[in-house]
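Here are the chains, one letter per residue:
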Amino acid sequence: MFAVVCFVETNEVELVPSNWLQDNDKRDTCIYWPPFRSMEAISRAIKVRLEPEPTNWKTYAVRVLALCKNYEDGRKKVRRAEETSDLQTEEEEEVVGRGARNIAW
């Protein structure tokens, strides 16, 4: 499982494996981030869900925006989060009634 997160300090959005989250059950939490210098190495670690090493990896405060079952769905949600704050898909959207009608007398 993966999580779309927003870093609190920088407001950047990224997809991370859910095993990098310190607390999966909270919206505001921290994540472990690998010490790799290249984005290629970080991307590879994300894709293979590399197990974090708490003694070597830094932690950052994040807000969890969405949980995803696989990497591809997560990347789509990251792109959507960068464009808008609404990450609900059509299947997840709330069904809202028509509301109260105004009756003109």
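Here the structure is a predicted model, which means the values were calculated and not measured. (Residues numbered from 1 in each chain as written. Predicted model: local features only at pLDDT ≥ 70, side-chain atom pairs only at ≥ 80, totals over all residues. Heavy atoms only, no water.)

Draft legend 1. View of helix 1 (residues 39-47). Every buried residue of helix 1 is listed here: Ala41, Ile42, Ala45 and Ile46. What you see down the axis of helix 1 is that its buried residues fit within an arc of 140°, all on one side. Exposed side of helix 1, more than 90 degrees from the buried face: Glu40 and Lys47 are the residues found there. Buried positions along helix 1 lie against strand 1 (2-7), strand 2 (13-17), strand 3 (28-33) and helix 2 (71-83). Taken from the residues just after helix 1, Arg49 is the one with a positive phi, measuring 55°. (Buried < 20%, exposed > 50% of the residue type's maximum accessible area, 1.4 Å probe, protein only. Helix = DSSP H or I, 4+ residues; strand = E, 2+ residues; numbered from the N terminus. Arc of directions from axis to C-beta. Contact = heavy atoms within 4.5 Å.)

Draft legend 2. Region of the structure containing the pattern of salt bridges. Overall, the coordinates contain 2 salt bridges when judged by the stated rule. The shortest N-O distance in the salt bridge between Glu14 and Arg75 comes to 3.2 Å. One end of the pair, Glu14, is in strand 2; the other, Arg75, is in helix 2, with 61 residues separating them in the sequence. The partly exposed category is assigned to Arg75, whose relative accessible area is 24%. (Salt bridge = Lys/Arg side-chain N within 4 Å of Asp/Glu carboxyl O.)

Draft legend 3. Quick look at the packing of aromatic side chains. Across all of its chains, the model carries 6 aromatic pairs by this definition. One aromatic cluster is present, formed by Phe7, Trp20, Trp33, Phe36, Trp57 and Tyr60 through successive ring pairs. In this arrangement the basic side chain of Arg49 is found over the ring face of Phe2, its NZ or CZ atom lying 5.7 Å from the centre. (Phe/Tyr/Trp six-rings, centres within 6.5 Å; stacked < 30°, edge-to-face > 60°. Lys NZ or Arg CZ within 6 Å of the ring centre and 35° of its normal.)

Draft legend 4. Structural detail: the environment of Tyr32. By the secondary structure assignment, Tyr32 is in strand 3. When the C-alpha atoms of Tyr32 and Asn19 are compared, they prove to be 8.9 Å apart, with 13 residues separating the residues in sequence. Once you skip the residues sitting within four places of it in the chain, Tyr32 turns out to touch Trp20, Gln22, Pro52, Pro54, Trp57, Lys58 and Thr59.

Draft legend 5. Highlighting unusual backbone geometry. Non-glycine residue Asn11 carries a positive phi angle of around 65°. Along the chain, the position of Asn11 falls in the loop between strand 1 and strand 2.

Draft legend 6. View of the pairing of strand 4 (residues 58-68). In the sheet, strand 1 pairs with strand 4 via 6 bridges, with the strands oriented antiparallel. Looking at strand 4, one finds that Phe2 is bridged to Cys68. In this structure, strand 3 lies alongside strand 4, joined through 6 bridges in antiparallel fashion. Looking at the pairing, Thr29 lines up with Val62 of strand 4. (Pairing = 2+ DSSP bridges.)

Draft legend 7. Representation of the environment of Ile46. Position of Ile46 relative to the elements: it lies in helix 1. Considered as a pair, Ile46 and Phe2 are 44 residues apart in the sequence and their alpha carbons are 8.8 Å apart. The contact partners of Ile46, leaving out residues within four places of it in the chain, are Phe2, Glu14, Leu15, Val16, Pro17, Trp20, Trp33 and Tyr71.

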